[in-house]
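Now for the letters of each chain:
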Amino acid sequence: MRFEPIGKELFIDNRKRLVKALKPGALAVFNSNDVMPTNADGTMPFRQNNDLFYLTGIQQEESMLVVCPGFPDEKYREVLFLREPNEHLEKWEGHKLTKKEAEEISGVKTVAWTGDFQKLFHHMMVMGGVEHVYLNTNEHYRAEPLVETRDARFINWCKNKYPLHEYERIAPIMAQLRRVKQKREIELIQKACDITGKAFKRVLQFVKPGVMEYEIEAEYIHEFIRQGSRGFAYTPIVASGANNIVLHYIENSRPCQAGELVLLDVGAEYNNYNADLTRTIPVSGKFTKRQREVYDAVLRVHQAAFKMLRPSTGYFDYQKEIEKIMEAELIKLKLIDKTDVKNQDKSNPAFKKYFYHGTSHMLGLDVHDVGNMHDKIQVGSVWTIEPGIYIKEEGFGIRLENNVVVQKDKNVDLMRSIPIDAEEIEDLMNQKK
């Protein structure tokens, strides 16, 4: 088995917390993601809808969950719908979940086939005292949906079929629930971080002048899959030389040359949960004096951010304080001076020439996880810390990123075992292989 069982207790508890957040007379529907086409008869690898997974643990396509807490018959207060297995499917696509298997994974006691959905759903809508129908959409602040989703098609069908019900958005509720991680979730994220760390240590032994960026990518994916991950949590960034300064460089096609740095923004996925690691290492195994000055400056900002990312802090207030620290470091590096700061345009401050992204984002089932960035930072939420300095005129950039759990007394660094100090990185790169 590739993954350790998560345990149905997590999903049962998640559904209980969802029910508490719904209005009286509510019904909520969650759809799986579509299997997305490529060309001809090709398809992309299936990735489950994260809200459906969060509530059920079901990885299978064409699945649905209906939650109707006030339904008179307790049997139909939670219903999981699955694609019905048959001999043809088994021959071409392999095993599909039985009802018993789905119940064991999810803890949902009533499992039905999708062929029975419309009849049973109609009964629930008209006989269950339903007034508020909660439907799902992707409302992530970075999302720009261009493809019609299964959720979008269902919204249109449901509103046409039942036009007089009150329709509600479930996305804000799910974002709030998913923002604070349960103990089991943190264990899964830790597993993804541990796998990522093992791959990074492998890469430290591999990188040398002349290797291709895509060869480094290959070292990562080999170790990820060997350790039980399905692969990359996101498209990997292996950026050498001047590619360091491009935030989302993903071509990974250039040779790594002596004296350069290579920025590695690569994380593993484990059982749908994600790691997000960035390290910047010297191709030749040793930082130049200038590279080391900048590296240490970024590390100091990283360490300060770790202490400042605390409960009840506003994210944007935290970001402003990090920017002040970064500003001071850039002055020390002689990249900007006090005159630049004094005369700067407040809408485009001087530091933004060299540090042009946010320091942190939430992490979980999504790499940029759901949640309102304007809310206060909460105990139990998982965040990245990833300051960077990018110097176009000097042809290199440095970013360092760890994943942390915000706790009441002290944050927990999920990547504490992954090398980050410059000396340790150099030592590991120069060990005899």
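First, a word on scope: everything that follows refers to the structure included in this document. Please read all numbers here as calculations on a predicted model, not as lab measurements. (Residues numbered from 1 in each chain as written. Predicted model: local features only at pLDDT ≥ 70, side-chain atom pairs only at ≥ 80, totals over all residues. Heavy atoms only, no water.)

1. What about the overall build of the protein chain?
Reasoning step 1: When you go through the protein chain residue by residue, the secondary structure sums to 13 helices and 17 strands.
Reasoning step 2: The C-alpha radius of gyration of the protein chain comes to 24 Å, within 12% of the 22 Å expected for a compact globule of 433 residues.
Reasoning step 3: Once the C-alpha set of the protein chain is aligned to its principal axes, its extents read approximately 75 × 50 × 40 Å.
Reasoning step 4: Scored against the burial criterion, the 433 residues of the protein chain give a buried share of 52%.
Reasoning step 5: In the protein chain, the proportion of contacts linking residues at least 24 apart, taken out of those at least 6 apart, comes to 71%.
Reasoning step 6: When the accessible surface of the protein chain is summed, it comes to about 20700 Å², and 51% of that surface belongs to carbon and sulfur atoms.
Reasoning step 7: Distance between charge centroids for the protein chain: 4 Å, based on 61 positive and 63 negative side chains. (Helix = DSSP H or I, 4+ residues; strand = E, 2+ residues; numbered from the N terminus. Rg over C-alpha atoms; globule rule 2.2 N^0.38 Å. Buried < 20%, exposed > 50% of the residue type's maximum accessible area, 1.4 Å probe, protein only. Contact = heavy atoms within 4.5 Å. Areas by Shrake-Rupley, 256 points an atom, 1.4 Å probe, with all protein chains shown as cover. Lys, Arg positive; Asp, Glu negative; His and termini not counted. Charge placed at Lys NZ, Arg CZ, Asp CG, Glu CD.)

2. A word on the sheet that holds strand β10 (residues 268–270)
Reasoning step 1: Read from one edge to the other, the open sheet built from three strands follows the order β7-β10-β11, with strand pairing classed as antiparallel. Edge positions in the sheet fall to β7 (231–232) and β11 (273–274), since each of these pairs with one other strand and no more.
Reasoning step 2: Sheet topology places β7 next to β10; two bridges connect them, and they run antiparallel. The partner of G231 across the bridge, within β10, is E269.
Reasoning step 3: Packing of helix α8 (residues 183–206) onto the sheet brings it into contact with β10 and β11, and relative to β10 it is tilted by some 145°. (Pairing = 2+ DSSP bridges. Axes fitted to C-alpha atoms, helices over the stretch in contact; angles between N-to-C directions.)

3. Remarks on the pattern of salt bridges
Reasoning step 1: A complete count under the given rule lists 34 salt bridges for this structure.
Reasoning step 2: A salt bridge links R202 to E219, with the shortest nitrogen-to-oxygen separation between them at 2.8 Å. In this pair, R202 sits in helix α8 while E219 sits in helix α9 (residues 213–226), placing the two residues 17 residues apart along the sequence.
Reasoning step 3: Given the relative accessible area of 26%, R202 is considered partly exposed.
Reasoning step 4: Connected through salt bridges with shared partners, the residues D51, R178, K181, D366 and D369 form a single ionic network. (Salt bridge = Lys/Arg side-chain N within 4 Å of Asp/Glu carboxyl O.)

4. Quick notes on the packing of aromatic side chains
Reasoning step 1: Throughout the structure, instances matching the rule amount to 20 aromatic pairs.
Reasoning step 2: Relative to F154, the ring of F121 lies with its centre 5.9 Å away and its plane at 70°, an arrangement referred to as edge-to-face. In this pair, F121 is assigned in helix α5 (residues 117–127) and F154 in helix α6 (residues 150–161), connecting sequence segments 33 residues apart.
Reasoning step 3: Ring geometry for F287 and Y295: centres 4.8 Å apart, planes at 50°, overall tilted.
Reasoning step 4: Residue classification places F287 among the buried positions, given a relative accessible area of 6%.
Reasoning step 5: The exposure class assigned to Y295 is buried, which follows from its relative accessible area of 0%.
Reasoning step 6: Three or more aromatic residues joined by ring pairs form one cluster here, namely F81, F117, F121, F154, W157 and Y162.
Reasoning step 7: Geometry around Y167 places K159 over its ring, the cationic atom sitting 5.6 Å from the centre.
Reasoning step 8: Above the face of the Y270 ring, K191 is positioned so that its terminal group lies 5.7 Å from the ring centre. (Phe/Tyr/Trp six-rings, centres within 6.5 Å; stacked < 30°, edge-to-face > 60°. Lys NZ or Arg CZ within 6 Å of the ring centre and 35° of its normal.)

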